[in-house]
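# Descriptive analysis of the structure
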Amino acid sequence: MIFLKRVRYNRLYCNHYIDCIISMAQLSDRQIVHMDLDCFFVSVSRLLHPELNNKPVIVGGGERGVVAACSYETRRYGVHSAMPIRQAKRLCPEAVIIRGDYDAYSSHSDMVNEIISEKVPLYERSSIDEFYIDFTGMDRFFGSYKFATELRQCIIRETGLPISFGMSANKTVSKVATDEVKPNNQMKVDSGEEKFFLAPLSVRKIPMVGEKTYTLLRSMGVEKVKTVQEMPVELMENVLGENGVSIWKKSNGIDPSPVEPYHEQKSMSTEETFEQDTIDVQRMKHILIAMTEKLCFRLRSERKLTACVAVKIRYSNFDTHTMQCRIPYTSCDHTLIKYVKELFEKLFHRRLLIRLIGVKFSHLIGGGHQINLFEDSEEIINLYQAMDKMRLRYGEDKIQRAAALSFSLRGFNPFNGLSKSPVGKQTRDTLLLADGDVKTSAPDNTEI
Ligand code: DCP
Ligand code: MG
């Protein structure tokens, strides 16, 4: 038994090391840049309100809310994002606390995106203020570091926003490098130097080491990345499973993941064609609630917010009507359900049999951890996080609003498309991408 275990370990150990040697040899000549805007929401707010310059600033969702972004002046007092505003105020009483302006953040993020897209062929927009750029091959012509430096200067000049970058052979090391030099700075980690660069840092700096993993590693006496580098990979696997292997690889400066070309998702929607046309208003409302809950869960899973909600109905004679409204950015079920119900009530006035109903969210934006910039409170965030955790663990239909319970869209899988639903003939889910591609899950070709 012990012998078998050792054979397995040895094979595992060898596999990981062989993997690493291959990826290091193949990938060490890549030139990957990670760019991240400095205290993004605060910097945009300062552009719009210069009186905030040089003051400690916190962007957040009101007295009972949490910190969305904070200036570097406030960070010296221990303030950080996702901290309750009340606690932040205690730590830094002189901080100016402002409400966010998501439209402004979204348009400034688009400006930076546009500059990068004009100047480089391959880049990934990984969040509202973060970009990975693959400069591999460009050094023969320009020198990648010089090119990245000029790109950074151009962004600063044209948008007025401070931005930092890290450059190395892979995404993980570049991201850690960016965080190390911030704010308003840049650095390069040469190929072959990755392990030395990471070694003295806290393991908390490795992307994917969150609060819980950090506490666990600390309880094992692991504080610095160097310790992980010296640990056998199977020990990390024993303690943390697959994640342990990933953390071990990242700690050793190994990350073969490619820069994924950027496709903006413009909308997400779902619709239901009934088995039998219906006039049962209550039933339709409950189905709309179930649909909204599902889409909201997906918004939050993808860390997105929507600013436009639409409802569609099709009468039995195929007359189709759509109504939409602009709303403050959110991914909260309770907010969106309210709008969906209102739209349905305005839309459904002919008292004819209905053949299809649908819900669509558009004007999507990457929203970090926010779920509603203007209403976020610790209680709401905790509630949604707890519900989403249960859904991820036990299945999407395991927790629902009472009204939607009897209409669970059980077969509905927003990630891979069509499946039979107990409430209707077919469910169709659509992801509309900015470049015009439509990923759709069913044969019906009408968009809402
Ligand atoms: N954000 C948010 N909620 C969080 C974290 C971030 O809404 N819990 C938003 C506000 C940030 C923006 O996303 O300004 C970018 O997130 P970053 O993690 O890049 O943080 P900052 O840009 O504010 O600071 P840094 O200078 O460390 O990048
Ligand atoms: Mg940032």
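Residues numbered from 1 in each chain as written. Chains lettered and ligands numbered in written order. Predicted model: local features only at pLDDT ≥ 70, side-chain atom pairs only at ≥ 80, totals over all residues.

## Concerning the packing of helix α2 (residues 40-48) against helix α5 (residues 102-119)
What counts here: All axes here are fitted lines through C-alpha atoms, helices being fitted over the stretch that makes contact, and every angle between N-to-C directions spans 0 to 180 degrees. Runs of E in the DSSP output that reach at least two residues are strands. Runs of H or I that reach at least four are helices, and both are numbered from the N terminus. Here roughly perpendicular refers to angles of 65 to 115 degrees, roughly parallel to angles under 35, roughly antiparallel to angles over 145, and oblique to all remaining angles. Remark: residues whose backbone-derived C-beta atoms lie within 7 Å of one another are considered to be in contact. Classification used: nonpolar for Ala, Val, Leu, Ile, Met, Phe, Trp, Tyr, Cys and Pro, charged for Asp, Glu, Lys and Arg, polar for all others including Gly.
Here α2 crosses α5 at 100°, and the two axes come no closer than 10 Å. The angle between α2 and α5 places the two elements in the roughly perpendicular class. Residue-level contacts link F40, F41, V44 and L48 of α2 to A104, Y105 and H108 of α5. Here the contact of α2 with α5 is composed, by residue class, of 6 nonpolar, 1 polar and no charged.

## Describing the nonpolar core
The cut-off we apply is this: Buried Ala, Val, Leu, Ile, Met, Phe, Trp, Tyr and Cys residues form a nonpolar core when they are connected through C-beta atoms within 7 Å. Note on burial: count the other C-beta atoms lying within 10 Å of the residue's C-beta; 20 or more is buried, 12 or fewer is exposed, in between is partly exposed, and C-beta positions come from the backbone.
Membership of the largest hydrophobic core comes to 92 residues, with the highest contact counts inside it found for I58, I133 and V340. Looking at this core element by element, the count peaks at 10 residues for helix α12 (residues 281-301). Leave out the neighbours within four places in its chain, and I58 touches V67, C70, T74, V79, A88, A95 and I97.

## Side note on the confidence of the model for the protein
Quick note on the threshold: For every residue, the predictor reports its confidence as pLDDT, a number between 0 and 100.
Model confidence for the protein is summarised by a mean pLDDT of 83, while 80% of its residues fall at 70 or above. Taking the mean pLDDT of every element in the protein, the minimum, 41, falls on strand β15 (residues 438-440) and the maximum, 98, on strand β7 (residues 163-168). Predicted confidence for residues 1-9 stays below pLDDT 50, and this span has 1 contact to residues more than four positions away or in other chains. Below a pLDDT of 50 lies the segment residues 410-423, which in the model reaches 32 contacts outside its immediate sequence neighbourhood of four places, other chains included.

## Some thoughts on α5
Selection rule: Here the expected length of a helix is defined as 1.5 Å per residue gap, with one fewer gap than residues. Throughout, the arc means that of the directions going from the helix axis to the C-beta atoms.
Helix length check: α5, at 18 residues, gives a terminal C-alpha distance of 26 Å against a target of 26 Å (1.5 Å per residue), a fit within 8%. Y102, Y105, H108, S109, V112 and I116 are the residues of α5 that are buried. Buried residues of α5 fall within an arc of 135° about the axis and therefore sit on the same side. Pointing more than 90 degrees away from the buried face of α5 are the exposed residues S107, E114 and E118.

## So, the sheet that holds strand β5 (residues 123-127)
Strand pairing in a sheet takes place through backbone hydrogen bonds and is either antiparallel or parallel in direction. How we decide: Between any two strands, pairing holds if DSSP finds at least two bridges.
Strand order across the open sheet formed by 5 strands is β5-β6-β1-β7-β8, with mixed pairing between neighbours. Of all the strands in the sheet, the pair left with one neighbour each is β5 and β8 (186-188). Adjacent strand axes in the sheet meet at a mean angle of 15°, parallel and antiparallel pairs treated alike. In the sheet, strand β1 (residues 32-37) pairs with β7 via 6 bridges, with the strands oriented antiparallel. Following the sheet pairing, M35 is matched in β7 by F165.

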